[in-house]
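# Architecture at a glance
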Amino acid sequence: MQNFASAAIAPPPPPESSASPHRRHRRLSPLLRRAAGAVRIALTSVDWKRPSTSNPPVASRDAERPCCSPLAPRRRRGLPQNRTPSINYPLTFSPSLAALSAFVSLRLRWAHIPVIIMMGLTGNGKLVTSTVGKSTNIRWHDCPIGQDGRQKLLNQKGCVVWITGLSGSGKSTLACALSHGLHSRGHLTYVLDGDNLRHGLNRDLCFKAEDRAENIRRVGEVAKLFADAGLICIACLISPFRSDRNACRSLLPNSFIEVFLNIPLEVCEARDPKGLYKLARTGKIKGFTGIDDPYEPPSDCEIVIQCKAGDCPSPKSMADQVISYLEVNGFLQY
Ligand SMILES: Nc1ncnc2c1ncn2[C@@H]1O[C@H](COP(=O)(O)OS(=O)(=O)O)[C@@H](OP(=O)(O)O)[C@H]1O
Ligand SMILES: Nc1ncnc2c1ncn2[C@@H]1O[C@H](COP(=O)(O)OP(=O)(O)O)[C@@H](O)[C@H]1O
């Protein structure tokens, strides 16, 4: 029999020794109570997500039981068409037994919560395993050297600088200039460039909305690992949809820095280093961001970079703007 009596899921703690003032992810209250009141959950963000083929079981479950909740009609009202509410958040699982802690990422959908929380102790004190997404019988395993130790070693705080903007806005240029600037100050960085990742990890994805969502989800998870490794991870992807970017933000409370390269389409199109805008304008590429596919600018991000009076900042000055943000917010020391 499982004993959840001492198990509590609490909101994620701030990263060790980082009382970063830039913290801004949304918290929802009050705490939900589950498992006969023994498990507490704090939500950290809510997104409106397009249905994703990458998550068919949830989507089909929704489709099969469209009105199985009396709350459904009320909750549906006001939903953007074609969107499914999804709540994404990281949780820290910390039972009162100090030896046990786990980090679980959960997704709640709809009024029904297909979230399975099964960590606890059996009657004889043995750990039970969990089901997360499609993975059954799994268990988190911690190592004695953690993020704290790695950050101390590197004298920096692991974080993700997420650069979003149109094709040709200068994302890769900024990522490289930033990486160079931080490297020359003695900081360890790693660049995750959308274009490059599509040569390997994401080679199976195309540019339809659900593939872009899966692209961003995967890169968000990889970026989270790099941040956990203590690195300053610089992700530069068009990432055109707000909900996808916000889902990544919710994976990294306190350490997700969104940089919007707010460069006008005309400027990007005039640059057109790969000739893709020209192909898109002549209909040879379909679904090109900014031409016949949407780009949703961030409404609330940490850094905006833009041109003034037609003059765009140089790569170095864009990088300096980000570096000074990292400095002021305590990421460049431990
Ligand atoms: N249809 C369409 N729309 C936008 N971009 C396209 C498209 N087809 C190919 N490309 C090239 O792919 C690069 C963007 O890849 P990303 O992984 O960053 O895109 S996304 O975040 O999944 O939207 C992008 O690179 P950048 O120019 O560096 O942004 C393009 O070179
Ligand atoms: N700040 C800048 N000022 C002028 N040109 C730039 C700037 N940033 C990038 N560029 C140029 O714009 C083009 C697109 O830059 P790139 O970094 O490849 O954009 P993205 O990765 O967003 O597609 C390149 O030719 C690059 O040299």
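About the cut-offs
- Residues numbered from 1 in each chain as written.
- Chains lettered and ligands numbered in written order.
- Predicted model: local features only at pLDDT ≥ 70, side-chain atom pairs only at ≥ 80, totals over all residues.
- Heavy atoms only, no water.
- Near = heavy atom within 4 Å.
- Polar contact = N/O pair within 3.5 Å; in protein donor to acceptor, adjacent residues only side chain to side chain.
- Areas by Shrake-Rupley, 256 points an atom, 1.4 Å probe, with all protein chains shown as cover.
- Helix = DSSP H or I, 4+ residues; strand = E, 2+ residues; numbered from the N terminus.
- Nonpolar A, V, L, I, M, F, W, Y, C, P; charged D, E, K, R; others polar.
- Salt bridge = Lys/Arg side-chain N within 4 Å of Asp/Glu carboxyl O.
- Axes fitted to C-alpha atoms, helices over the stretch in contact; angles between N-to-C directions.
- Parallel < 35°, antiparallel > 145°, perpendicular 65-115°, else oblique.
- Left-handed = near helix turned anticlockwise from the far one by under 90°.
- Contact = heavy atoms within 4.5 Å.
- Phe/Tyr/Trp six-rings, centres within 6.5 Å; stacked < 30°, edge-to-face > 60°.
- Buried < 20%, exposed > 50% of the residue type's maximum accessible area, 1.4 Å probe, protein only.
- Lys NZ or Arg CZ within 6 Å of the ring centre and 35° of its normal.

Attention now goes to the site of ligand 1. Taken together, 20 residues surround ligand 1, and among them Ser167, Arg198, Arg212, Asn215 and Ser239 come closest. Arginine 212 places a polar side-chain atom, nitrogen or oxygen, 2.8 Å from an oxygen atom of ligand 1. For ligand 1, a nitrogen atom lies 3.4 Å from a polar atom in the backbone of threonine 289. Alone, ligand 1 offers 630 Å² of accessible surface; in the complex the protein occludes 92% of this. Within the residue set of the shell around ligand 1, elements represented by two or more residues are helix 5 (194–197) and helix 6 (209–228). In terms of residue count, the dominant contributor to the shell around ligand 1 is helix 6 (three residues). By residue class, the composition of the shell around ligand 1 is seven nonpolar, seven polar and six charged.

All right, on to the pattern of salt bridges then. Here the structure, examined in full by the defined rule, presents 13 salt bridges. In this structure, lysine 208 engages aspartate 211 in a salt bridge whose closest nitrogen and oxygen atoms are separated by 4.0 Å. Its salt-bridge partner being glutamate 214, residue arginine 218 comes within 2.8 Å of it at the nearest N-O pair. Taken together, the residues span about one helical turn, with arginine 218 and glutamate 214 both in helix 6 at a distance of four residues. Linked through salt bridges whose partners overlap, the residues forming this network are Asp204, Glu214, Arg217 and Arg218.

So, on to the packing of helix 6 against helix 7 (residues 242–251). Between helix 6 and helix 7, whose axes approach to 9 Å, the crossing angle comes to 20 degrees. Taken together, the axis directions place helix 6 and helix 7 in an arrangement best described as roughly parallel. Every pair of crossing elements has a handedness; the one defined by helix 6 and helix 7 is right-handed. Facing helix 6, whose interface residues are Arg212, Ala213, Ile216, Gly220, Glu221 and Lys224, helix 7 presents Asp244, Arg245, Cys248 and Leu251.

The full set close to ligand 2 counts 14 residues, and Gly168, Lys171, Ser172, Thr173 and Pro313 are the nearest of them. Contact distances for ligand 2 include 2.8 Å between an oxygen atom and a backbone N or O atom of glycine 168. For ligand 2, an oxygen atom lies 2.9 Å from a polar atom in the side chain of serine 172. Secondary-structure elements contributing two or more residues to the shell around ligand 2 are helix 4 (171–184) and helix 10 (315–328). With three residues, the top contributor of residues to the shell around ligand 2 is helix 4.

Moving on, we come to the packing of helix 4 against helix 10. One can describe the packing of helix 4 onto helix 10 by two numbers: an axis separation of 8 Å at closest approach and a directional angle of 60 degrees. One finds that helix 4 runs oblique with respect to helix 10. Of the two elements, helix 4 crosses helix 10, and the hand of that crossing is right-handed. Only Pro315, Met318, Ala319, Val322, Ile323 and Leu326 of helix 10 make contact with helix 4, whose side of the interface consists of Thr173, Leu174, Ala177, Leu178, Gly181 and Leu182.

What follows concerns the packing of aromatic side chains. Taken as a whole, this structure holds four aromatic pairs when the rule is applied. Residues phenylalanine 260 and tyrosine 295 carry aromatic rings whose centres are separated by 6.0 Å and whose planes lie at 20 degrees to one another, so their mutual orientation is stacked. With phenylalanine 260 in strand 14 (residues 256–262) and tyrosine 295 in the loop between helix 9 (276–281) and strand 15 (303–306), the pair connects residues that are 35 residues apart, well separated along the chain. For the pair phenylalanine 260 and tyrosine 295, one class covers both residues: buried. Lying across the ring of phenylalanine 207, arginine 198 places its NZ or CZ 3.8 Å from the centre.

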